[in-house]
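Listed below are the residues making up each chain.
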Amino acid sequence: MQIELIVLLVMIGSFLIANMLLKLPVSLSMMLGAVLGTLVGGEGIPLRHLFEGAFVYLDTMMIIATAMIFMNVIEKSGTIEALGAAIVRRFYKVPAVMLILLMLIIMFPGMITGSSTAAVLSAGAIVAPILMLMGIPASKTGAMLAIGAILGMAAPPVNIPAMLITGGVDMPYIGFALPLLALTLPCAVFTALLLGLPYCKNLDYEKVKTGLNLEVGSRHGFKLYLPIVTLFLLMILTRAFAAYIPNLGMPLIFLISSVVGFFTGEKLDVVKTVETSISTSVPVLAKLVGVGMFIQIMTLTGARGFIVINCLGLGIVMLWIFSITILPAFGAVSSFGGASVLGVPFMLSMLSGNHTITAAALAFLACMGDLMPPTALAGNYAAKIVEQRYAKVLPRCLIPLAFCLLLGLLFLIFSKNLGFLVL
């Protein structure tokens, strides 16, 4: 048996045992797997490589931390709650449009933090009571929250699995906005209409109105939405006028927008808000540290090259099949781990297609892992919010999940033809 295969089995095996049997966090489990991999591979404990791996995703970690601050600010200031109430009040007579917009609200926190958990616990917790007041069953509401949160995690501008894959193949995270939107928006529309529309055709607005917070919007008016407006303006202007406006970077853009949010809505305790945001982001940041170490040691010991070489021997059809089965299934442990351990080798094995489209599709498929039991981060949190067991919510997710997997597969198969999406 080749030493690279032995190292790979030890790393993945110890990671799974530590996480699933010993119940250690994913971050510590990956660090343990990395250290055991170096020992079995005869590298001792190479502190330099472990340190480099820990900080390989530093840029991504800064984006997540500052995005979490921004998300907490607009949540606590009342922006999300007011936006949800405004959508229902304005579009309750057009239920299809209303449901799609509410789904976008569920997605929004995931879009800017890259975390499905953040989406479920913030916007999901606000939107869920509104959906149930409309008559949508709790199990289907939970499914809408879970799928919406995962689609938000997969949508631009912050898609962590895509960042992990591009970082693993030395490819810039540029040009992903339209491909990721083309993957996530159709799935969001399909899910919202499939699960919600049959119950909203004859909506009783007076009943739904009792669950809306209309006061915060009327009290602060349009200025309540200035943090979001500032965020999108800065993102657009720094790209459209790059020759005249310096590239501020996403972390600084999030911080500037957060500062605006402290003065536009409900009063906030600045220190407490920042502390809560950072403490909430620590588990995600720790995962990135563990993933970075894991990938660094896989590269050092040759285990990563072993996977790539064997993937190349599988043939493109088998790679497509594994991409919609094994890659999402790895999310039962960690979707980030799936993107790095499997997504990177799969990407290196599919370089004949459009690189950006392929990476976007693989990242999208990796995000689906947050539905996979037993971990199922997005699914379990969504089930708790609607006070259901996940066993009742998961079956409602299967048709939207199948639609997402099919769309991701089509993007992989026709990546060469979809290059026009890359700007």
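Analysis parameters
- Residues numbered from 1 in each chain as written.
- Predicted model: local features only at pLDDT ≥ 70, side-chain atom pairs only at ≥ 80, totals over all residues.
- Heavy atoms only, no water.
- Axes fitted to C-alpha atoms, helices over the stretch in contact; angles between N-to-C directions.
- Helix = DSSP H or I, 4+ residues; strand = E, 2+ residues; numbered from the N terminus.
- Parallel < 35°, antiparallel > 145°, perpendicular 65-115°, else oblique.
- Left-handed = near helix turned anticlockwise from the far one by under 90°.
- Contact = heavy atoms within 4.5 Å.
- Nonpolar A, V, L, I, M, F, W, Y, C, P; charged D, E, K, R; others polar.
- Patch = residues over 30% accessible without salt bridge, like charges linked within 9 Å, V, L, I, M, F, W, Y side chains within 5 Å.
- Areas by Shrake-Rupley, 256 points an atom, 1.4 Å probe, with all protein chains shown as cover.
- Salt bridge = Lys/Arg side-chain N within 4 Å of Asp/Glu carboxyl O.
- Buried < 20%, exposed > 50% of the residue type's maximum accessible area, 1.4 Å probe, protein only.
- Phe/Tyr/Trp six-rings, centres within 6.5 Å; stacked < 30°, edge-to-face > 60°.
- Expected span 1.5 Å × (residues − 1).
- Core = buried A, V, L, I, M, F, W, Y, C linked by side-chain atoms within 4.5 Å.

1. Observations concerning the packing of helix 7 (residues 116-133) against helix 20 (residues 377-385)
Direction vectors running N to C along helix 7 and helix 20 enclose 25°, while the axes themselves pass 9 Å from each other. As far as their axial angle goes, helix 20 and helix 7 are roughly parallel. Remark: the crossing between helix 7 and helix 20 carries right-handed chirality. Note on element contacts: helix 20 touches helix 7 through L377, A378, Y381, A382 and I385, opposite S116, T117, V120, L121, G124, A125 and A128. Across the contact of helix 7 with helix 20, the residue classes break down as nine nonpolar, three polar and no charged.

2. Examining a nonpolar patch on the surface
A contiguous nonpolar patch, built from I17, M20, L21, L22, L24, L28, L32, L36, L39, I45 and L47 and spanning about 1,000 Å² of accessible area, is present on the exposed surface. For the nonpolar patch, the leading source of residues is helix 2 (residues 26-40), giving four residues. Along the chain, the position of M20 falls in helix 1 (residues 3-21). Under the relative-accessibility criterion, M20 is labelled partly exposed at 35%.

3. Some details on the packing of aromatic side chains
According to the stated counting rule, one finds eight aromatic pairs in the structure shown. Centroid distance F108 to F232: 6.4 Å. Interplanar angle 40°. Geometry classified as tilted. Within this pair, whereas F108 is found in helix 6 (residues 95-113), its partner F232 is found in helix 13 (residues 226-240), the two being separated by 124 residues in sequence. Judged by its relative accessible area of 12%, F108 falls in the buried class. A relative accessible area of 36% places F232 in the partly exposed class.

4. Some points on helix 8 (residues 138-154)
Here helix 8 contains 17 residues, and its C-alpha end-to-end distance of 24 Å stays within 8% of the 24 Å for a straight helix at 1.5 Å per residue. Counted residue by residue, helix 8 has 17 buried out of 17 residues, so it is predominantly covered.

5. Thoughts on the environment of P161
Tracing the backbone shows P161 in helix 9 (residues 160-168). Here the alpha-carbon distance between P161 and P328, two residues 167 residues apart in the chain, equals 12 Å.

6. Considerations on the environment of V341
With respect to the secondary-structure elements, V341 resides in helix 18 (residues 335-349). Distance from V341 to F330, taken between C-alpha atoms, is 9.2 Å for residues 11 residues apart in sequence. Apart from the residues within four sequence positions on either side, V341 is in contact with I12, M30, F294, I295, M298, I307 and F330.

7. With respect to the nonpolar core
Counting 140 residues, the largest nonpolar core has V88, L102, L131, M134, L151, M298 and F364 as its most contacted members. If you tally residues by element for this core, the top one is helix 8, at 11 residues. Those residues in contact with M134 that lie beyond four places of it in its chain are V88, M98, L102, Y199, C200, L203 and V208.

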